[in-house]
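# Close look at the chain arrangement
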Amino acid sequence: MELDFTNQECECLDAYEQVFLDLAKKTSALIKHNDNFRLGVLLCNNEFIHRINKEYRNVDRPTDVISFAFLDDDEHLVGSPLLDLGEIIISIEKAKEQAQEYGHSFDREIKFLFVHGLLHLFGYDHQSKEEEEEMFQLQETILGGN
């Protein structure tokens, strides 16, 4: 497993590279996917994610996390070559706002956003009530007491 970590914000966030790598390993083990993949993580501000959200999703506002899956189905996650799973873009500004809004730490919020984005890359979604329950239960299991 490889993590391509890009931090456009504060150097104080560089430690999240290892945190995200650990969470990715825990996630892939829990959902029983191999860990033979590479993924990108980009930490940015609201202005940057707003542009991405508008260009790719036609939504004219900043959001907290966007995932770009490079694979269309699970079949490609099996095998020996290191595969590009996708990219997760997280707005640090939104993470701080939401942590305050939800009454928990920034640390918990940024971990939640990473795991949420990662589960999307693994094909999980929350379009139906059942999918939402499954995805959010997995998130809580992965994050444990974090």
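Above this text you will find the structure in question.
What you see is a predicted model; the values in this text were computed from it and never measured. (Residues numbered from 1 in each chain as written. Predicted model: local features only at pLDDT ≥ 70, side-chain atom pairs only at ≥ 80, totals over all residues. Heavy atoms only, no water.)

## With respect to the overall build of the chain
- Across its full length, the chain holds five helices and four strands.
- Scaling as 2.2 N^0.38, a compact globule of 146 residues should have a C-alpha radius of gyration of about 15 Å, and the chain matches this with 15 Å.
- With the C-alpha coordinates aligned to their principal axes, the bounding extent of the chain is approximately 40 × 35 × 30 Å.
- Burial statistics for the chain: of 146 residues in total, 41% are counted as buried.
- By sequence separation, contacts in the chain at least 24 residues apart represent 62% of the contacts at least 6 residues apart.
- Accessible area of the chain: about 8000 Å², with a carbon and sulfur share of 45%.
- One way to put it: in the chain the 13 positive side-chain charges average out to a point 4 Å from where the 30 negative ones average out. (Helix = DSSP H or I, 4+ residues; strand = E, 2+ residues; numbered from the N terminus. Rg over C-alpha atoms; globule rule 2.2 N^0.38 Å. Buried < 20%, exposed > 50% of the residue type's maximum accessible area, 1.4 Å probe, protein only. Contact = heavy atoms within 4.5 Å. Areas by Shrake-Rupley, 256 points an atom, 1.4 Å probe, with all protein chains shown as cover. Lys, Arg positive; Asp, Glu negative; His and termini not counted. Charge placed at Lys NZ, Arg CZ, Asp CG, Glu CD.)

## As for the pairing of strand β4 (residues 83-91)
- Most of β4 is tucked away, with seven of its nine residues classed as buried.
- In terms of strand pairing, strand β2 (residues 37-44) meets β4 through eight bridges, oriented parallel. Opposite Leu-43, over in β4, you have Ile-90 as the bridge partner.
- As paired elements, strand β3 (residues 65-69) and β4 share five bridges and run antiparallel to each other. Bridge pairing in β4 places Phe-68 opposite Glu-87. (Pairing = 2+ DSSP bridges.)

## Details of the state of the cysteines
- The full count for this structure, using the stated rule, is one disulfide.
- Shown here is the disulfide that connects Cys-10 with Cys-12, its sulfur atoms set 2.4 Å apart.
- What makes Cys-12 exposed here is its relative accessible area of 56%.
- Looking at Cys-44, it has no disulfide partner, and the nearest cysteine sulfur is the one in Cys-10, 14 Å off. (Disulfide = S-S within 2.5 Å.)

## Here we look at a negative patch on the surface
- A surface patch of negative charge is lined by Glu-130, Glu-131, Glu-132, Glu-133 and Glu-134.
- Relative to the helices and strands, Glu-133 is located in helix α5 (residues 129-143). (Patch = residues over 30% accessible without salt bridge, like charges linked within 9 Å, V, L, I, M, F, W, Y side chains within 5 Å. Salt bridge = Lys/Arg side-chain N within 4 Å of Asp/Glu carboxyl O.)

## Remarks on the packing of helix α1 (residues 16-30) against α5
- For the pair α1 and α5, the least separation of the axes is 10 Å and the interaxial angle reads 125 degrees. Between α1 and α5, the angle is such that the two are oblique. Where α1 crosses over α5, the handedness of that crossing is right-handed. Within the contact between the two elements, α1 uses Leu-23, Lys-26, Thr-27 and Leu-30 and α5 uses Leu-138, Thr-141, Ile-142 and Leu-143.
- In terms of residue class, the contact of α1 with α5 is built from five nonpolar, two polar and one charged. (Axes fitted to C-alpha atoms, helices over the stretch in contact; angles between N-to-C directions. Parallel < 35°, antiparallel > 145°, perpendicular 65-115°, else oblique. Left-handed = near helix turned anticlockwise from the far one by under 90°. Nonpolar A, V, L, I, M, F, W, Y, C, P; charged D, E, K, R; others polar.)

## Points about helix α3 (residues 92-102)
- All buried positions along α3 are accounted for by Ile-92, Ala-95, Gln-98 and Ala-99. Buried residues in α3, looked at end-on, bunch into an arc of 125 degrees, giving them a common side. Across from the buried face of α3, at angles greater than 90 degrees, the exposed residues are Gln-100 and Glu-101.
- Contacts made by the buried residues of α3 are with β2, β4 and α4 (106-121).
- Just beyond α3, the residue with positive phi is Gly-103, at close to 75 degrees. (Arc of directions from axis to C-beta.)

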